[in-house]
Amino acid sequence: MGQVTETCEILGDLGQQSTTLVDTFDPSKGVRVTYFQGDMCQNSENPVENGSPRRVSFKLLCGSSEESWIQTPVSGQITKCNMEFVLRTPAGCPVSLFSGGILGVLRYLIYAVILFAIYGAAGTFYNKRVNNISGIEAFPHIEFWRKTPAHAFTLVRFVLKKSRVLVDMILARVGKGGSTQSYSSGKGYMTV
């Protein structure tokens with residue numbers, strides 16, 4: 001795969017990462033993770049790369065089991081300044097938060113309830129012991145939780161109002177009803 005050298009060369013910077021699909025039309029093929037801004041390239045097999053930062057790509061193809069790394073050409077040529085490694089692995093396969101149908105959704109809801117219970121119990125214990133707060137006031141961030149239903153209601157009202165404005169605008173444009181009126185967009189008025 002390469003030569004052992006006496007120097008350590010940085011192939012890419014973790015802060016300069018790009019993640020893309022291997023095939024934009026078929027996400028099930030895998031992902032490519034590329035790291036940019038490595039050490040400056042010198043003595044490359046491709047003289048055009050000399051003086052530019054190194055980069056390395058890891059192409060994680062969807063597979064059922066771990067296989068060995070394969071070094072493949074990037075744009076037809078492997079150089080010490082522009083490398084790509086391929087691995088067929090389950091890590092390259094798409095995952096869904098709700099995989100497993102309704103049971104998957106229920107599993108995540110159960111996790112959320114358990115985490116909320118732990119949060120409430122630990123926060124209440126802390127507030128009682130450290131802050132000497134008793135009763136319902138010991139529940140962590142109690143003021144936030146008291147206001148949550150009102151905030152949720154306001155959010156639903158806002159979404160419904162904006163949706164109705166959008167529907168009216170669309171209907172007015174296609175000539176299937178709606179009314180010609182002015183709508184406030186927050187930065188001015190728009191007439192349909």
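## Overview of the state of the cysteines
Stage number 1. Inspection of the entire model under this criterion finds one disulfide.
Stage number 2. The disulfide that involves C62 links it to C93, with 2.0 Å between the sulfurs. Residues C62 and C93 are joined through a disulfide that is right-handed, its torsion about the S-S bond being 95°. Within this pair, whereas C62 is found in strand β3 (residues 55-62), its partner C93 is found in the loop between β5 (82-89) and α1 (101-129), the two being separated by 31 residues in sequence.

## Considering a nonpolar patch on the surface
Stage number 1. Nonpolar side chains collect at one region of the surface, where L103, L106, Y108, L109, I110, Y111, I114, L115 and I118 lie side by side and expose about 900 Å² of accessible area between them.
Stage number 2. Relative to the helices and strands, I114 resides in helix α1.
Stage number 3. Given a relative accessible area of 44%, I114 falls into the partly exposed group.

## Notes on the pairing of strand β2 (residues 30-37)
Stage number 1. Sheet analysis places strand β1 (residues 12-21) next to β2, joined by six bridges and oriented antiparallel. The residue bridging T19 from the neighbouring strand is V33, located in β2.
Stage number 2. Where β2 and β3 come together, six bridges link them in antiparallel fashion. Paired with G30 across the bridge in β3 is L61.

## Looking at the confidence of the model for the protein
Stage number 1. The pLDDT averaged across the protein works out to 76; a share of 76% of its residues lies at or above 70.
Stage number 2. Contacts from residues 178-192, a stretch scored under 50 in pLDDT, to residues over four places away or in other chains number 22 contacts.

## Details of unusual backbone geometry
Stage number 1. In this structure, N132 takes a positive phi of about 50° despite not being glycine.
Stage number 2. As for its position among the elements, N132 is in the loop between α1 and α2 (142-174).
Stage number 3. Note on N132: relative accessible area 66%, which makes it exposed.
Stage number 4. The phi angle at H141 is positive, at roughly 55°, despite the residue not being glycine.
Stage number 5. Take H141: it is sitting in the loop between α1 and α2.

## Examining the nonpolar core
Stage number 1. Among the nonpolar cores identified, the biggest contains five residues, and these are V33, Y35, V56, M83 and F85.
Stage number 2. Mapped by element, the contributors of at least two residues to this core are β2 and β5.

## Observations regarding the environment of G30
Stage number 1. Structurally, G30 is set in strand β2.
Stage number 2. In the structure, G30 is positioned 31 residues away from L61 in sequence and 4.3 Å away in space, judged by C-alpha atoms.
Stage number 3. For G30, the contacting residues outside a window of four places in its chain are L21, V22, L60, L61, C62 and G92.

## Here we look at the packing of aromatic side chains
Stage number 1. In the structure shown here, the tally under the stated rule is eight aromatic pairs.
Stage number 2. Measuring from centroid to centroid gives 5.8 Å for F116 and Y119, while their planes differ by 40°, and the two rings are tilted. Of this pair, F116 and Y119 both sit in helix α1, three residues apart, roughly one helical turn.
Stage number 3. Residue class for F116 comes out partly exposed when judged on its relative accessible area of 38%.
Stage number 4. Measuring from ring centre to ring centre gives 6.2 Å for Y119 and F139, while their planes differ by 85°; the resulting arrangement is edge-to-face. Residue Y119 is found in helix α1, and its partner F139 is found in the loop between α1 and α2; the two are separated by 20 residues along the sequence.
Stage number 5. The exposure class of Y119 is partly exposed, given its relative accessible area of 28%.
Stage number 6. Among the aromatic residues, ring-to-ring pairing joins F116, Y119, F139, F144 and W145 into one connected group.

What counts and how
- Residues numbered from 1 in each chain as written.
- Predicted model: local features only at pLDDT ≥ 70, side-chain atom pairs only at ≥ 80, totals over all residues.
- Heavy atoms only, no water.
- Disulfide = S-S within 2.5 Å.
- Helix = DSSP H or I, 4+ residues; strand = E, 2+ residues; numbered from the N terminus.
- Patch = residues over 30% accessible without salt bridge, like charges linked within 9 Å, V, L, I, M, F, W, Y side chains within 5 Å.
- Areas by Shrake-Rupley, 256 points an atom, 1.4 Å probe, with all protein chains shown as cover.
- Salt bridge = Lys/Arg side-chain N within 4 Å of Asp/Glu carboxyl O.
- Buried < 20%, exposed > 50% of the residue type's maximum accessible area, 1.4 Å probe, protein only.
- Pairing = 2+ DSSP bridges.
- pLDDT = per-residue confidence, 0-100.
- Contact = heavy atoms within 4.5 Å.
- Core = buried A, V, L, I, M, F, W, Y, C linked by side-chain atoms within 4.5 Å.
- Phe/Tyr/Trp six-rings, centres within 6.5 Å; stacked < 30°, edge-to-face > 60°.

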